[in-house]
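# Geometric and topological summary
Spelled out from the first residue to the last, the chains are:
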Amino acid sequence: MLEINQLHKSYAIGDSSLHVLKGIDLSVAKGEMVAIMGSSGSGKSTLLNIIGMLDEADSGEYILDSVTIKNLTEKKAAIYRNKFLGFIFQSFNLINYKNALENVALPLYYQGLKRKERQEKARFHLQKVGLLDWQTHLPSELSGGQKQRVAIARALASNPKLLLADEPTGALDTTTSSDIMAFLQQLNDEGKTILIVTHEEDIAAMCKRIIRLRDGIIMEDKIVTQVRAEPHV
Ligand code: ADP
Ligand code: MG
């Protein structure tokens with residue numbers, strides 16, 4: 001599903017440069033649920049952004065679903081992103097002036113679906129995250145956990161092959177985090193491949209594989225026995 005070889009990334013800071021990723025090798029198969037761990041500043045988001053085609057590596061190879069991701073035009077990257085990937089962020093990144101249904105339906109617009117089809121699909125996914133009754137509510141009227149569930153529904157709406165989550169529980173309390181993780185585990189049980197960046201050990205333990213980044217390299221990569229999350233909703 002995903003293959004990365006000798007990936008390097010530096011950021012220019014004034015006259016100097018900061019070498020963040022120093023030769024990452026990583027391969028992820030369909031159906032995996034992987035945690036990417038590391039202390040703050042270790043390059044987790046940088047790696048996830050490259051995997052998500054939001055940013056590009058300086059060198060190395062990245063193959064996603066048999067497609068080599070390199071020198072893509074902005075347009076082509078957007079097409080692949082929309083086709084292959086779903087994103088979940090710590091801060092939800094919902095559009096404030098759109099209601100839950102419109103937020104979920106939005107990425108489907110870029111897939112060229114008709115309005116009716118978009119709304120039907122969006123309703124299906126809102127139902128899946130248990131928020132159909134909240135479809136006309138604005139993000140400001142939802143709790144953090146509900147917002148993240150809307151964001152998950154939005155990420156799922158285009159049926160992506162790979163779900164990328166950057167600190168998805170970072171802004172949530174423990175109970176709500178558990179709910180979100182239980183939901184992600186359920187999606188993974190159904191076959192969805194999921195990559196989660198986190199700095200929390202208990203969240204990582206709810207995945208099936210833990211990768212630890214330090215100083216720009218992978219210092220550990222191991223399969224673990226998944227701790228099942230306790231849902232509360
Ligand atoms: P993490 O997600 O593990 O906390 P990041 O990938 O966000 O780490 O950042 C890794 C390092 O790269 C940090 O030192 C950060 O300050 C730096 N960095 C991240 N993005 C940029 C950028 N756009 N320009 C310059 N430096 C950056
Ligand atoms: Mg980060």
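A brief structural summary. (Residues numbered from 1 in each chain as written. Chains lettered and ligands numbered in written order. Predicted model: local features only at pLDDT ≥ 70, side-chain atom pairs only at ≥ 80, totals over all residues. Heavy atoms only, no water.)

Secondary-structure assignment places Arg149 in helix H5 (residues 144–157). One buried charge, Arg149, has no salt-bridge partner; the nearest side chain with opposite charge is Asp179, at 6.3 Å. In terms of polar contacts, Arg149 uses its side chain to reach the backbone carbonyl oxygen of Val129, at 2.7 Å. (Helix = DSSP H or I, 4+ residues; strand = E, 2+ residues; numbered from the N terminus. Buried < 20%, exposed > 50% of the residue type's maximum accessible area, 1.4 Å probe, protein only. Lys, Arg positive; Asp, Glu negative; His and termini not counted. Salt bridge = Lys/Arg side-chain N within 4 Å of Asp/Glu carboxyl O. Polar contact = N/O pair within 3.5 Å; in protein donor to acceptor, adjacent residues only side chain to side chain.)

What follows deals with the pairing of strand S1 (residues 2–13). Of the pairings in the sheet, the one linking S1 to strand S2 (residues 16–28) comprises 10 bridges and is antiparallel in character. Within S2, the position partnered with Glu3 by the bridge is Ser27. In this antiparallel pair of consecutive strands, S1 and S2, the connection spans 2 residues, and Gly14 shows a positive phi of 60°. Sheet topology places S1 next to strand S4 (residues 59–64); 5 bridges connect them, and they run antiparallel. Looking across to S4, one finds that His8 is bridged to Ser59. (Pairing = 2+ DSSP bridges.)

Further remarks concern the pattern of salt bridges. One pass over the structure, following the stated rule, counts 9 salt bridges. A salt bridge links Arg228 to Asp189, with the shortest nitrogen-to-oxygen separation between them at 2.7 Å. With a gap of 39 residues between them, Arg228 in the segment after strand S10 (217–223) and Asp189 in helix H6 (residues 174–189) connect regions that are remote in the sequence. Put simply, Arg212 and Glu201 hold a salt bridge, and the shortest N to O gap is 2.9 Å. One end of the pair, Arg212, is in strand S9 (residues 209–214); the other, Glu201, is in helix H7 (residues 201–204), with 11 residues separating them in the sequence. Of the residues examined, Arg212 reaches a relative accessible area of 18% and is grouped as buried. Under the relative-accessibility criterion, Glu201 is labelled partly exposed at 44%. Taken together, the salt bridges that share partners define one network made up of Glu32, Arg209 and Asp221.

Attention now goes to the site of ligand 1. Near ligand 1 you find Tyr11, Leu18, Val20, Ser39, Ser40, Gly41, Ser42, Gly43, Lys44, Ser45 and Thr46, and these make up its full shell. At 3.1 Å from an oxygen atom of ligand 1 is found a main-chain nitrogen or oxygen belonging to Gly43. Within the complex, 60% of the 560 Å² of free accessible area of ligand 1 lies under protein. Residue assignment for the shell around ligand 1 shows that the elements contributing at least two residues are S2 and helix H1 (44–51). In terms of residue count, H1 provides more of the shell around ligand 1 than any other element does, 3 residues in total. Taken together, the residues that form the shell around ligand 1 break down as 3 nonpolar, 7 polar and 1 charged. (Near = heavy atom within 4 Å. Areas by Shrake-Rupley, 256 points an atom, 1.4 Å probe, with all protein chains shown as cover. Nonpolar A, V, L, I, M, F, W, Y, C, P; charged D, E, K, R; others polar.)

With mixed pairing, the 6 strands of this open sheet are ordered in space as S6-S7-S8-S3-S9-S10. What marks the edges here is a single partner per strand, and that holds for strand S6 (85–89) and S10. Here the average twist between neighbouring strands, direction ignored, is 15°. The sheet contacts of H5 involve S6 and strand S7 (162–166), and relative to S6 the element is tilted by about 165°. Lying over the sheet, H6 contacts strand S3 (33–37), S6, S7 and strand S8 (193–197), oriented at roughly 150° with respect to S8. (Axes fitted to C-alpha atoms, helices over the stretch in contact; angles between N-to-C directions. Contact = heavy atoms within 4.5 Å.)

Between helix H3 (residues 100–109) and helix H4 (residues 115–128), whose axes approach to 8 Å, the crossing angle comes to 125°. With respect to H4, the axis of H3 lies oblique. Our pair here, H3 against H4, has a crossing hand that is right-handed. Contact residues: H3 offers Ala100, Leu101, Val104, Ala105, Leu108 and Tyr109, while H4 offers Arg118, Gln119, Lys121, Ala122, Arg123, His125 and Leu126. Split by residue class, the contact of H3 with H4 holds 8 nonpolar, 2 polar and 3 charged. (Parallel < 35°, antiparallel > 145°, perpendicular 65-115°, else oblique. Left-handed = near helix turned anticlockwise from the far one by under 90°.)

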